[in-house]
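# Coordinate analysis (summary)
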Amino acid sequence: MPSPSVILITGCSTGIGRATAIRLAAAGHIVYASARRLQDIDDLAALGCQLLELDVTDEASMNAAVDGVLDRHGRIDVLVNNAGYSLSGAVETLSMTDVRRQFETNVFGAVRMAQLVLPSMRRSGRGRVINIGSMGGILTFPGGGAYHATKYAMEAFSDALRFEVRGFGIDVVLIQPGLIRSAFTTTAVAAVSQESGPYSTFNAAVARNTAQTYVAGPLARLGGEPDAVAVAVERAVTARTPRARMRVTPSARLLMVLRRILTDRQWDRFVGSQYPQPTSGEAPSSKKATSPRMP
């Protein structure tokens, strides 16, 4: 990869995207940090980033952002597909409008951004597409059906794309973070339905447990800060031959191995120690949300 590289990052208003933009700009790269609202990232200009208004659910916005970088530099060396959020709650309680928005942001936006930058990368004979996935693309927690589905999709998208573009000198890397302490958690908790009904106790536990897991308990100690992911992205940018997948934080390494060795029913029992299972004709469970216990 050329140095400095021209790098476009989506979703830089908070967390991983912000930390990645700061780290790569500090390393001397030409970093285009983007967000739906420029006022959310205006402080990044003083840290060496170029700012872009970019909504990955809007075709015109994506085209304008990519064309703007290409008009100025003639190339985009690295795309970091980071924009995303978590929609939480029992599947039956989710609005289909919200589910579609989840996929538009977490999956379709990433696919379209890759489509838009790949022609210039092919002409250059080099490039990197770095997708921010999750350990949630390998394992699933109750109450996260929509979010996990998008991260499973990113696994397949990254695998297919990696094969398809390698012959043009383009690498595709999937970053798989575990628990990361950021505003991501607040967004996930706020999205959980508070309506009464057969899932009310369950949804309340999902919200409570999501909030608690990132700040207390054994898994929180195995989590990390957004900059841990930024370090992995920097390695993916600079490595001569980057790894196809990069796990970040001990929680990702532990839980992904655990999910691989447990049967489906054993995994259900494991997460059952953390979430009350919705049932028919029973009084609401009084089970409190706790951090998962290792089997």
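As the structure is a computational prediction, the values presented were derived from the model and not from experiment. Throughout this document, residue positions are counted from 1 along each chain, in the order its sequence is written. Two thresholds apply to this predicted model, a pLDDT of at least 70 for residue-level local features and 80 or more for giving and counting side-chain atom pairs, whereas whole-chain, interface and lining totals are computed over all residues. Only hydrogens and water are set aside when side-chain values are computed; all heavy atoms of the structure are taken into account.

## Focus: the overall build of the protein
Secondary structure counts use DSSP, requiring at least four H or I residues in a row for a helix and at least two E residues in a row for a strand, with both numbered from the N terminus. Helix and strand counts for the protein come out as 10 helices and 7 strands. Residue exposure (1.4 Å probe, protein chains only): buried if accessible area is under 20% of the type maximum, exposed if over 50%, otherwise partly exposed. Expressed as a percentage of its 295 residues, the buried residues of the protein come to 49%. Contacts in the protein between residues far apart in sequence, at least 24 positions, make up 70% of those at least 6 positions apart. Note on areas: these come from Shrake-Rupley sampling with a 1.4 Å probe, and a residue is covered only by the protein chains present in the view. Of the roughly 13,500 Å² that the protein leaves accessible, carbon and sulfur atoms contribute 52%. In this description, contact between two residues means that some pair of their heavy atoms is separated by no more than 4.5 Å.

## Here we look at the pairing of strand β4 (residues 78-81)
Where burial is concerned, the two faces of β4 agree: the one with Val 78 and Val 80 and the one with Leu 79 and Asn 81 are both buried. Where strand β1 (residues 6-9) and β4 come together, 3 bridges link them in parallel fashion. Opposite Ile 9, over in β4, you have Val 80 as the bridge partner. We call two strands paired when DSSP finds no fewer than two bridges between them. The pairing of β4 with strand β5 (residues 127-132) spans 4 bridges and is parallel. Looking at β5, one finds that Leu 79 is bridged to Val 129.

## Here's the deal with the state of the cysteines
Two cysteine sulfur atoms make up a disulfide if the distance between them is within 2.5 Å. Using the criterion set out here, one finds 0 disulfides in the structure. For the unlinked cysteine Cys 12, the closest cysteine sulfur is that of Cys 49, found at 7.2 Å. Look at Cys 12 and you get buried, because its relative accessible area is 0%. When its relative accessible area of 4% is taken as the criterion, Cys 49 is described as buried.

## Thoughts on the nonpolar core
Take the buried residues of types Ala, Val, Leu, Ile, Met, Phe, Trp, Tyr and Cys, join any two whose side-chain atoms come within 4.5 Å, and each joined set is a nonpolar core. Counting 28 residues, the largest nonpolar core has Leu 8, Val 66, Leu 79, Met 113 and Leu 161 as the members making the most contacts within it. Top contributing element to this core by residue count: helix α3 (residues 96-124), with 7 residues. Counting residues in hydrophobic clusters, the runner-up holds 27 residues, among them Val 31, Val 78, Ile 175 and Met 246.

## Some details on the pairing of strand β2 (residues 30-35)
Each regular strand displays side chains that alternate between the two surfaces of the sheet. Judged by how many residues are buried, β2 sits mostly within the fold: 5 of 6 residues are covered. With 4 bridges connecting them, β1 and β2 associate as parallel partners. Note on β2: the bridge partner recorded for Leu 8 is Tyr 32. Whether a crossover is right-handed depends on one test, that the path from the first strand over the helix to the second runs clockwise when the strands point away from the viewer. Chirality of the crossover, the property in question, places the unit of β1, helix α1 (residues 15-26) and β2 among those that are right-handed.

## What about the confidence of the model for the protein?
The predicted model of the protein averages 89 in pLDDT, with 86% of residues at 70 or higher. Of the regions scoring below 50 in pLDDT, residues 281-295 engages in 33 contacts with residues more than four places distant in sequence or in other chains. As a per-residue measure, pLDDT reflects the predictor's confidence and takes values from 0 up to 100.

## Section: the packing of helix α9 (residues 250-261) against helix α10 (residues 264-272)
Working convention: axes come from line fits to C-alpha atoms, limited for helices to the stretch in contact. Angles between N-to-C directions cover 0 to 180 degrees. Interaxial distance between α9 and α10 falls to 8 Å at its minimum, and their mutual angle equals 135 degrees. Classified by the interaxial angle, the pair formed by α9 and α10 is oblique. Where α9 approaches α10, its residues Leu 255, Leu 258, Arg 259 and Ile 261 are matched on the opposing element by Asp 264, Gln 266, Trp 267 and Phe 270. Note that Gly is not counted as nonpolar here; it falls among the polar residues with everything else outside the nonpolar set of Ala, Val, Leu, Ile, Met, Phe, Trp, Tyr, Cys and Pro and the charged set of Asp, Glu, Lys and Arg. Here the contact of α9 with α10 is composed, by residue class, of 5 nonpolar, 1 polar and 2 charged. An angle below 35 degrees is read as roughly parallel, one above 145 as roughly antiparallel, one from 65 to 115 as roughly perpendicular, and any other as oblique.

## Considerations on the sheet that holds strand β6 (residues 170-177)
Sheet architecture is open: 7 strands sit in the order β3-β2-β1-β4-β5-β6-β7, paired in parallel fashion. Each end of this open sheet is capped by a strand with a single partner; those strands are β3 (50-53) and β7 (245-248). Direction aside, the axes of adjacent strands within the sheet are offset by 20 degrees on average. Strand contacts of α3: β1, β4, β5 and β6, with the helix running at about 175 degrees to β4, the strand carrying the most contacts. The strands touched by helix α4 (residues 145-165) are β5, β6 and β7; relative to β6, the strand with the most contacts, the crossing angle is about 160 degrees.

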